[in-house]
Amino acid sequence: MLCCASSWLAWTSALAVLVLFVAYRTSKLARFALNFFFFTFFVFLLAVVNLFIAIGLALWRRRIRDLRNTEMIAPMFKKAMAWGGFEVQIVSGVEHIKKEQSAVVVANHQSILDLIPMMSCWPTKTAAVAKREILFLPIFGISAYLSGTIYINRRDGAGARAQLNATFREMIKRKEKIWFFPEGTRNRKGDMLPFKKGAFYMAIENQVPILPIVISSFDEFYNVRELKFEKGVIRVAALPEIPTTGLTKD
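## As for the overall build of the chain
Regarding its fold elements, the chain presents eight helices and nine strands. Looking at the 250 residues of the chain, the share that counts as buried comes to 40%. Of the roughly 14,500 Å² that the chain leaves accessible, carbon and sulfur atoms contribute 65%.

Here it is as structure tokens:
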């Protein structure tokens with residue numbers, strides 16, 4: 001009986017693998033779905049690794065919500081994505097990324113794939129700003145929280161601004177940066193959406209420079225409307241800092 005069950009399971013598994021392989025090779029939808037599944041699976045695995053690192057360092061060295069946690073996981077993420085066929089080229093501005101000073105980092109926002117260039121060019125001592133809903137994503141949300149991600153309630157604009165301003169004032173004392181996507185939402189059209197003003201006001205209020213980071217379009221290899229998700233090259237440019245000394249909101 002046990003032998004028959006094992007044999008049935010082996011044949012069923014082989015058939016399932018064959019069906020997936022054929023679907024992957026012949027169906028655009030299946031290829032897109034499987035590639036997206038593998039990407040999110042790797043993100044989930046690395047989030048688990050990051051969670052254990054964050055908990056371990058919190059218990060061992062009392063590094064709670066330490067920004068260095070992200071700096072530890074970023075090289076692993078970059079290697080995993082390179083293995084998956086994503087090449088990230090930092091074409092300019094490495095010296096700006098590595099500079100140890102407070103700044104407001106602003107970057108264009110396209111999709112969940114933004115994680116690939118983000119982890120490949122992550123500036124030293126940086127916290128990302130994200131909508132509060134991400135906190136409730138299994139594993140990933142708490143993993144990012146323990147690595148310093150700042151979650152805000154976008155429905156409460158005044159409360160979010162007060163929270164960010166108070167947090168950033170403390171970060172400035174430690175020469176830390178804060179990362180914004182000033183478009184406010186994902187944009188898959190290949191152009192730029194109008195910027196929200198919050199990140200720029202924060203830089204001006206605290207008289208710290210703005211560090212613009214430009215990420216090339218994913219359209220060549222990733223397009224939801226066209227069910228396209230392939231290997232590809234992502235180019236990143238960190239532009240010279242924009243000083244805010246002496247500027248006002250007017």
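## Some thoughts on the environment of Arg31
Of note, Arg31 is situated in helix α2 (residues 28-60). Residues Arg31 and Phe229, 198 residues apart in the sequence, show an inter-C-alpha distance of 7.7 Å. When near neighbours in sequence (up to four residues on either side) are disregarded, Arg31 contacts Tyr24 and Glu230.

## Describing the nonpolar core
In terms of nonpolar packing, the biggest core is built from 37 residues, with Phe77, Leu113, Ile116, Trp179, Ile213 and Ile234 touching the most fellow members. For this core, the secondary structure elements donating two or more residues are α2, α3 (68-83), β1 (86-92), β2 (103-107), α5 (115-120), β6 (210-215) and β9 (232-238). Considering each element in turn, this core owes the most residues, six residues, to α2. Each residue touching Ile116, except ones within four places of it in the same chain, is listed here: Phe39, Phe77, Met81, Phe86, Val88 and Ile234. Counting 18 residues, the second largest nonpolar core, distinct from the first, contains Leu67, Val104, Ile178 and Val208.

## Considering the packing of aromatic side chains
On inspection of all chains with the given rule, the structure shows 15 aromatic pairs. Taken together, a centroid distance of 5.3 Å and an interplanar angle of 15° make the contact between Trp122 and Trp179 stacked. You can see Trp122 sitting in the loop between α5 and β3 (126-131) and its partner Trp179 sitting in strand β5 (residues 177-180), a full 57 residues away along the chain. Trp122 gets classed as buried once you look at its relative accessible area, which sits at 12%. Joined through ring pairs, the aromatic side chains of Phe32, Phe36, Phe39, Phe86, Phe218, Phe221, Tyr222 and Phe229 make up one cluster. A cation sits over an aromatic face here: Arg65 above Tyr145, 4.0 Å from the ring centre.

## Some remarks on unusual backbone geometry
At Ile139, a residue that is not glycine, the phi angle is positive and equals roughly 65°. For Ile139, a relative accessible area of 27% corresponds to the partly exposed category. Even without a glycine there, the phi angle at Leu227 is positive, about 55°. Locating Leu227 in the fold gives a position in the loop between β7 (222-223) and β8 (228-229).

## A closer look at the sheet that holds β2
If you walk across this open sheet you meet the seven strands as β1-β9-β6-β2-β5-β3-β4, and the pairing is mixed. At either margin of the open sheet sits one strand with a lone partner, and together these are β1 and β4 (150-152). The sheet shows a mean angle of 25° between the axes of neighbouring strands, direction not considered. Looking at chain direction, β1 and β9 are connected through six bridges and run parallel. Residue pairing across strands places Ser92 opposite Ala237, the latter belonging to β9.

## Side note on the pattern of salt bridges
On inspection of all chains with the given rule, the structure shows six salt bridges. Across the pair Asp66 and Arg68 runs a salt bridge, and its minimum N-O distance is 2.8 Å. Its relative accessible area of 14% is what places Asp66 among the buried residues. We classify Arg68 as partly exposed; its relative accessible area is 42%. The partner of Glu241 in a salt bridge is Lys99, and the shortest N-O contact between them spans 3.7 Å. Of this pair, Glu241 sits in the segment after β9 while Lys99 sits in the loop between α4 (94-98) and β2, placing them 142 residues apart in sequence.

## Brief notes about the environment of Phe221
With respect to the element layout, Phe221 can be found in the loop between β6 and β7. The spatial distance from the C-alpha of Phe221 to the C-alpha of Ile234 is 9.6 Å, given a sequence separation of 13 residues.

How each quantity is defined
Residues numbered from 1 in each chain as written. Predicted model: local features only at pLDDT ≥ 70, side-chain atom pairs only at ≥ 80, totals over all residues. Heavy atoms only, no water. Helix = DSSP H or I, 4+ residues; strand = E, 2+ residues; numbered from the N terminus. Buried < 20%, exposed > 50% of the residue type's maximum accessible area, 1.4 Å probe, protein only. Areas by Shrake-Rupley, 256 points an atom, 1.4 Å probe, with all protein chains shown as cover. Contact = heavy atoms within 4.5 Å. Core = buried A, V, L, I, M, F, W, Y, C linked by side-chain atoms within 4.5 Å. Phe/Tyr/Trp six-rings, centres within 6.5 Å; stacked < 30°, edge-to-face > 60°. Lys NZ or Arg CZ within 6 Å of the ring centre and 35° of its normal. Pairing = 2+ DSSP bridges. Axes fitted to C-alpha atoms, helices over the stretch in contact; angles between N-to-C directions. Salt bridge = Lys/Arg side-chain N within 4 Å of Asp/Glu carboxyl O.

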